[in-house]
Amino acid sequence: MKLLSYRFAGNPSYGVLSNDGIIDLKERLGQPTLRLAIAYGLLEGIAARIAGASTDHALADVELTVPVPDAEKIVCIGRNYRGHVAEGHQQLPKTPSTFIRVSGSFAPPGGAMVRPKLSEQFDYEGELAVIIGKAGKHIVPQDAFEHIAGYTCLHDGSIRDYQFEHCLAVGKNFDRTGSIGPWMVTRDEIADVSSLTLTTTLNGVEVQRTKTDDFIFDIPTIIAYLSSFMELRPGDVIATGTPEGVGFARKPPLWLKPGDHVDVAITGIGVLRNTIIAE
């Protein structure tokens, strides 16, 4: 299933995407957000419950938000593709490199990402993201997939001069410099998450392409590592890193600028589309 969060006539809700229409779940499940529906296990068996149901909204009539607008944590893994580490002339990390992004640093799918006034070094980073479905701490790798609700696309837009000259947390948390979406695809829809193709396209030109088998740390390893020091909770988002092809590593560098259109696409999930505007 494809599960998405949205606003209709200004009111937040969530539902299932079906034949380009949306079957609303907020009233059917009695929970105000997708995160709570996941947390209470209400999505189990939902396909049978909505079989034959008519769509409540056309996709074109709603305003998409990030899939889990009230996520407790958005945890990002840096330097997790061998090709990306190589293009930065770095050594392979021994443990996952981890940082946090705040919710305000993400624009909605289809919305505008913002190049800040303070910098022109706005870089793109297409990523696969995991959404946690079941809480856990000290999760062993062989049990990791049992804790996953689904997957989505994530754009980890980065302000490079602030990342390198100030600190990673600043460079990754300018307002609306990233995006997540357009929806969450449930875990059962992805047969092999280690063989997905990820591409990033800028103004129709492909700038990143890889398969997720280039991961340094696979998803079970990441979940085991993160859960060793903090509890993972339903709705938490984990970004798994970006591949080679980023703008700062090019000569000359390639930065996002106002008027650009950027797509992050992952096989089996969909396409996350955003435009770039100036602050």
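To start, this report covers the structure provided alongside it. A quick note: this is a predicted structure, and the numbers were derived from the prediction, not measured. (Residues numbered from 1 in each chain as written. Predicted model: local features only at pLDDT ≥ 70, side-chain atom pairs only at ≥ 80, totals over all residues. Heavy atoms only, no water.)

## Re the environment of proline 93
Then comes step 1: One can find proline 93 in the loop between α4 (82-87) and β7 (97-100).
Then comes step 2: Overall, proline 93 belongs to the buried group, its relative accessible area being 12%.
Then comes step 3: In this structure, the C-alpha to C-alpha distance between proline 93 and glycine 78, residues 15 residues apart in sequence, is 9.5 Å. (Helix = DSSP H or I, 4+ residues; strand = E, 2+ residues; numbered from the N terminus. Buried < 20%, exposed > 50% of the residue type's maximum accessible area, 1.4 Å probe, protein only.)

## Remarks on the side chain of threonine 242
Then comes step 1: Along the chain, the position of threonine 242 falls in the loop between β17 (237-239) and β18 (261-266).
Then comes step 2: A polar contact of 2.9 Å, which involves the side chain of threonine 242, links it to the backbone oxygen of glycine 126.
Then comes step 3: Polar contacts involving the side chain of threonine 242 include one to the side chain of glutamine 208, which spans 3.0 Å. (Polar contact = N/O pair within 3.5 Å; in protein donor to acceptor, adjacent residues only side chain to side chain.)

## Some details on the nonpolar core
Then comes step 1: Within the largest apolar cluster, 38 residues are counted, with the highest numbers of intra-cluster contacts made by Leu128, Tyr151, Ile219, Ile223 and Ile238.
Then comes step 2: Going through the elements one at a time, β1 (2-8), β6 (74-78), β11 (126-132), β12 (148-155), β14 (178-186), α7 (219-227) and β18 are the ones with two or more residues in this core.
Then comes step 3: It is α7 that contributes the most residues to this core, four residues altogether.
Then comes step 4: In this structure isoleucine 223 touches Ile132, Ile139, Ala144, Ile148, Leu232 and Ile238, once residues within four positions along its chain are discounted.
Then comes step 5: In this structure, Ile50, Ile74, Ala149 and Met184 belong to the second largest nonpolar core, which totals 28 residues. (Core = buried A, V, L, I, M, F, W, Y, C linked by side-chain atoms within 4.5 Å. Contact = heavy atoms within 4.5 Å.)

## A few points about α7
Then comes step 1: Most of α7 is tucked away, with seven of its nine residues classed as buried.
Then comes step 2: Those residues of α7 that fall on the buried side of the exposure criterion are Ile219, Pro220, Ile222, Ile223, Ala224, Leu226 and Ser227.
Then comes step 3: Of the surrounding secondary structure, the elements contacted by the buried residues of α7 are β6, β7, β11, β12 and β17.

## What to know about the environment of proline 252
Then comes step 1: Among the structural elements, proline 252 can be located in the loop between β17 and β18.
Then comes step 2: When the C-alpha positions of proline 252 and tyrosine 162 are compared, they lie 19 Å apart, and in sequence the two are 90 residues distant.

## Observations regarding the sheet that holds strand β16 (residues 205-211)
Then comes step 1: Read across the sheet, five strands follow the order β9-β19-β18-β15-β16 without closing on themselves; strand pairing throughout is mixed. With partners counted over all chains shown, the strands left at the sheet margins are β9 (112-115) and β16, one partner each. Pairwise comparison of adjacent strand axes, ignoring direction, gives a mean angle of 20 degrees for this sheet.
Then comes step 2: Pairing of strand β15 (residues 197-202) with β18, which is carried by five bridges, proceeds in the antiparallel orientation. Residue pairing for β18: threonine 200 is matched across the bridge by valine 264. (Pairing = 2+ DSSP bridges. Axes fitted to C-alpha atoms, helices over the stretch in contact; angles between N-to-C directions.)

Keep in mind these numbers describe shape, not what the thing actually does.
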